[in-house]
Structure formats: structure tokens, C-alpha cells
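# Structure assessment
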Amino acid sequence: MKTEAVIQVGKLKDSTGANSFRRRDAPDPLYFWAPLIMGNFVANEGLSIFVILVWLGINAFLFVHFYMAFLVDRWFYTRVLLGQALSWARAPAACLNFNCMLILLPVCRNLLSILRGTIQCCSRTAARQLDRNLTFHKLVAYMIAFHTAVHIIAHLFNFEFFMDAQLNRNSSHLPFILSEIGTGDNASFLNPIRSNETSPTIVMFTTIAGLTGVAITLALILIITSSMEVIRRSYFEVFWYTHHLFVIFFIGLVFHGYGRIVRGQTPVSQQTNKPNVCADRFEDWGKNESNCAVPEFAGNPPGTWKWVLGPMILYVCERLVRIYRSHQKVVITKVVMHPSKTLELQMKKKGFSMEVGQYVFIQCPSVSRLEWHPFTLTSAPEEDYFSAHIRIVGDWTQALYEACGGDKPEQQDAWKLPKVAIDGPFGTASEDVFRYEVVMLVGAGIGVTPFASILKSVWYKHIQNNQDVFTKKIYFYWLCPETEAFEWFADLLQSLERQMADKDMADFLSYNIYLTRWKDTEAAHFRVHHEAENDPITGLKQKTLYGKPNWDNEFANIASNHPRSKVGVFLCGPPQLGKSLEKQCLSHSEADVKFIFNKENF
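Each chain carries its own residue numbering, running from 1 in the direction its sequence is written. The predicted origin of the model limits local features to residues at a pLDDT of at least 70 and limits the giving and counting of side-chain atom pairs to 80 or more, whereas totals for whole chains, interfaces and linings rest on all residues. Computation of side-chain values covers all heavy atoms of the structure but excludes hydrogens and water.

As annotated in an unreviewed UniProt entry, the protein carries the name NADPH oxidase 2 and comes from Crenichthys baileyi. UniProt positions are given in the numbering used here, feature names are shortened, and annotations may be inferred rather than shown by experiment. UniProt lists a comment for the protein under the heading Cofactor (unreviewed entry), and it reads "FAD". Taken verbatim from the UniProt record of the protein, the Subcellular location (unreviewed entry) comment is "Cell membrane".

Spelled out as C-alpha cells, the structure:
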């Protein structure tokens, strides 16, 4: 007798009302994909999330700990005047100390370069977190702003309570009695407002805490508002100069607590005046038979310097290194004026050593003695010079362009070229590019510069028959709004294309160039009139594409072509594109293919 297997099929209705069929025994696809997606997310973002959670946890612990610390008996009489506003002022102050300790560390570029080189040999994932230093710097800044706001609001209430205690001059009320303590020699006062004729505004501008508090707040407001994307991109000089108000911020922060305005009962006084016993017997304070002496008060010694001294010393050392480097001689060997207002500087400096994808800070004293601007190096480590391509988009770059003779028809003599100072090079995510067997490089506009260094280095390595190159395949994507942006980079791509063809390695580099503001319909006429072997825009055999890439298809194709591989995805471009690519990395990473996302940040 023949036995047949029967599969039960049930008839279902979907949300549109149409009939559909589904095997009853088929498991939900989410059952398989959810753990995989979560695993990919942890692989790409796990350490970052862990660091953020630890940071938030420390902030929460400090807030709760110091909030509770001001609910003990020592601060009983202070709370009689201020209530819970005392703890609400002191808890964020502790968090401010902690975050101000951290805020300078992410901008110590030399320290991060040392750490990156040390950690990179042990953990690529840990080293990648250092590339997010500016993101963490911003998060810490937002936390400082939040705790500053809470601290200020709480103290505004505190000063109102101090003032009310002086105005309500009733000797039968404990707040007034406490406000009168220390009137004689003013040595042991509790209420910093010493008279009912004094206003909180006068105290604000006549005390150390008040003056430094105003200076700190104004500096912080200017720093944060000038750091907004629209100002930083359009008015970089405003961002640059206001950011240096951090010096005033830290000086004010260190001296803010020296006035000791917020005071608690001294330990010695607690022995002669126990608040839980003597608070209700304040009319008998100081009398022999009362066993309740007049309480004495003192403020905590300033402790902010203990938190910020170490980072401040590190940052001073960082600036000293920058000053030393700025005095080392740099020679501009060649200036190239590319189309679309892009300036290329080729330079030499004794002892300069670089890796692919690194960046430097450039200062031109004839333009500004204070401003340093970051630029990615476009030269390869194998070349005997280092270069940077600078797009002319602001006042500083325009002044540098003119100083190098960009606005003159004749070539500038070498002795007339301006002096420049170089700080760096500093590491970025692109340094790890040759650690992956398969690599995706995505550049947008001038964001292609770090990949110029990588592609040049690849070219040199193959010329020299370097057998140590781990990378077997590179996918290069360049997105530009208009044709002018291609012009300075096309020569390099043409050289690479010829070189790879001569060495029978045409498959090593796949490149796709997109004109994002051109649609296929707009480009159709252009194609018809320029049918040729090479692309009429770039001169490459690979034709230029129009519109935006379909990233879902691109990632799917790479995943299918390279099973059991780790694919390094490197981006230098806008945040929106970064979010899109990061999402694709998570969704297309499978059990045997992992896409690891890396983004340039400087």
C-alpha cells in the first residue's frame, strides 16, 4: 500500500480582503530573521551602545547619589530654607563635573591616534569606536547643557527662597532665625542674602559663584548655538572662534565653588545642635539649659578641579604638540588649480609619515594665525609628497585660493606661495580598508578625497607587485550632483583603469559613478550624441550612471558574489547617506556575509 504525505493548506484572508494561501506548518520568517538582524545590529553597534549605556548609567548614579547625599542631617537646616531645590541643584552639579571631565578627551586628536594604533592590533571593533569621537563629544555637550539648565533653574528657586526668608522678618519662624545667624562677623552664615534690602540680582553680580555662573552660562550658550549644522557649515569662523570660549567656561567652572554659597551644618556643630532635637527649640538656642547651641555652617571645599585637572593637563599637552608641529617647516612643492574651484596643494615636511585615508589640519598664517581646518590627504603613502584637495566654499578657503594665485592667470612663483603649518596626520576609519577582503567605498562630492589616497595606494601596490595586499575586490561608488566635480578625479580613475587592464586585473576594481541630479530622461539626448567607447564625461570605459544608486540591489549583488566574507563599507559623505548605508549593512548581513559600516568623522 502506498503512503502519501499530505500537506495541509489553509485559506487565509490578507488585510486587503484578497484570498491567499499559506502552509499551516510554515514557521514565521520573523522567527529566523529577528535573531540574525539583532546579531548584525550587535556586531555593528553593540560596543557603541554599551559605551553609551555605561555613560548614561554613571550619570544616573551620580545624580541619585548626590541627590540623596543632601537629604542627610548635615543639610537639614539648609533644607528648611530651600526645600528639595537644594538636592535638585547639587545633583546636576555632580553630573556636570563628570561630563566636563569627559568633554575634552574626544578632541585630543593625538591621544586618540595613539589609542587607535594601540587598540587596532587587538580589536578592530574597539578601534572603530574612536572614529565616533565627535559624536560622543556632542552627546556629552548636550548632557552638560541639560544639567546646566537644571542646575540654574534649581538655584533660581533657591535664591527666591533665600530672599523670602529675609523678607519674612518674623522671629517665631525658623527660616528667619537661620537667616540671621552670622550677622556679626559673617563667618558662619547660612543665608548668603544678608539683608532684606539685598536682591538676588545684586548677589549674582557681586559674588564669585554669581559672576562665574553667568560667565559659564553665556559661554555655553554661545558654544552650543554656534555649533549648529547651519552655522558650522556656512560660517565656520564663527563656530571656530566661539568654540574657544571653552577656556572661559573651564576657568569659571573651576572657581565657581570657591564662594561656598551653599552651606551645611559643620560636623562639630552637629554634636552641640542635633537638628532632630533642636529644630523645634530654636528660641532657646544658645542658652545653657537648652543643650542646643547656635548652629554653625560651612560650605564644601571646591572639588571641581579634581574632576577636570587631568583632562585639562592632557589637553594642554595636546595643544603644545600642535604648537610644536606648527613651527616645523612645510614646503609647498606644487599648486594645481582644478576645475570647479578645487585647489590641490602638494607639500613636503621632514619626518612626515602617513597612512591611507588620514587627514591633517592646515593653517595659513597669512590668512589667519588662529584658524586650523581639517582636510583629508589625497596622496598615497608610497608617494614622496603629501597632498590635499581643498574645495573653495568659504572665506578661509577663498583667501587661501587667492594667496596661492588661484585668481591670477599666470602661475605663481614658488617663493611667493604662502607659508602653511601642518598638524597631523590623524587616523580615520579608512585606515582599516586593507584589513577587509572585500571593500565598498562610497564617496559623495568632495567626500571622495580619502578614497583617492586608497585607490592610489592600490595602484602603487600592484605596480610594485606587493603580495601582502589582503583586499581582493574593491567596489567604488562616487555620487556627484554635477559633471564639474568629476574633473579633478577622472585622471586618477583613467590611470587605474589602464593599469588594471594591463595587468589583467580589471575585475579587481569595480566603480560606479553617478550624476545624482541627472535623470535618465535628461541624459538620453546626451547619450545619443556621444556614442563612443569611453564615457564622454569621465573618459572611462565604465559609463556614467544617472540618478541615485539602488542600494538594496547593490548590497544584494555583493552579498551573493562574496559568500563567507566580511565586507568593509566605508563612507565619506552626508549623514543622510550614512543612515541609509548603515541600515543596508544591518539588513543584508547574513549568517555567512557581514557588512561592517565605517564612516569618516572630522
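Read on for the rest.
## Topic: the pairing of strand 15 (residues 565-572)
Every regular strand shows the same layout, with side chains that alternate between the two sheet faces. Exposure categories follow from relative accessible area, calculated using a 1.4 Å probe and restricted to protein chains: below 20% of the type maximum is buried, above 50% is exposed, and the middle band is partly exposed. Secondary structure elements are taken from DSSP: a helix is a run of H or I of four residues or more, a strand is a run of E of two residues or more, and numbering for both begins at the N terminus. For strand 15, the tally of buried residues reaches seven of eight residues, placing the bulk of the element in the interior. When strand 11 (residues 438-444) meets strand 15, the two strands line up parallel, connected through six bridges. Counted as the bridge partner of Leu441 is Phe570 from strand 15. Strand pairing is assigned whenever DSSP identifies at least 2 bridges connecting the two strands. Of the strand pairs in this sheet, strand 15 and strand 16 (residues 593-599) are connected by seven bridges, and their pairing is parallel. In the strand pairing of strand 16, Gly568 is matched with Ile596. Considered for its hand, the β-α-β crossover made up of strand 15, helix 21 (residues 575-588) and strand 16 is right-handed. Handedness rule for crossovers: strands pointing away from the viewer, path from the first strand over the helix to the second running clockwise, crossover right-handed.

## Quick look at unusual backbone geometry
One can expect most non-glycine residues to show negative phi and most peptide bonds to be in trans. With omega at 10°, the peptide bond leading from Gly424 into Pro425 counts as cis. Although it is not a glycine, Arg260 adopts a positive phi angle of roughly 50°. One non-glycine residue, Arg564, lies in positive phi territory at about 55°. Mapped onto the fold, Arg564 is located in the loop between helix 20 (551-561) and strand 15. Given the relative accessible area of 68%, Arg564 is considered exposed.

## Description of a nonpolar patch on the surface
Patch membership is restricted to residues that have no salt bridge and whose relative accessible area is over 30%. Joining uses 9 Å for like charges and 5 Å for the nonpolar side chains Val, Leu, Ile, Met, Phe, Trp and Tyr. Each accessible area is a Shrake-Rupley estimate made with a 1.4 Å probe; only the visible protein chains count as cover when residues are assessed. Salt bridges are defined as contacts in which a side-chain nitrogen from Lys or Arg sits within 4 Å of a carboxyl oxygen from Asp or Glu. Together, Ile208, Val247, Ile251, Phe255, Tyr258, Trp305, Leu309 and Ile313 make up a nonpolar patch on the protein surface, roughly 750 Å² of accessible area in all. Within the residue set of the nonpolar patch, elements represented by two or more residues are helix 12 (246-255) and helix 15 (304-326).

## Points about the packing of helix 12 against helix 15
Angle between the axes and distance between the axes are the two parameters that describe a pair of packed helices. Between N-to-C directions, angles span 0 to 180 degrees; the directions come from axes that are lines fitted to C-alpha atoms, helices contributing only their stretch in contact. Axis separation between helix 12 and helix 15 bottoms out at 10 Å; the angle between their running directions is 150°. Taken together, the axis directions place helix 12 and helix 15 in an arrangement best described as roughly antiparallel. The hand of the helix 12/helix 15 crossing is left-handed. Residues Phe246, Phe250, Leu253 and Val254 of helix 12 form the contact with helix 15, whose own contacting residues are Thr304, Trp305, Val308, Met312 and Tyr315. A per-class count over the contact of helix 12 with helix 15 returns eight nonpolar, one polar and no charged. Orientation labels follow simple angle bins: below 35 degrees gives roughly parallel, above 145 gives roughly antiparallel, 65 to 115 gives roughly perpendicular, and whatever is left gives oblique. By the definition used in this description, the sense in which the near helix is turned from the far one sets the handedness, with an anticlockwise turn below a right angle giving left-handed and a clockwise turn giving right-handed. Whether two residues touch is decided by their heavy atoms; if any such pair falls within 4.5 Å, the residues are in contact. Classes in brief: Ala, Val, Leu, Ile, Met, Phe, Trp, Tyr, Cys and Pro nonpolar; Asp, Glu, Lys and Arg charged; the others, Gly included, polar.

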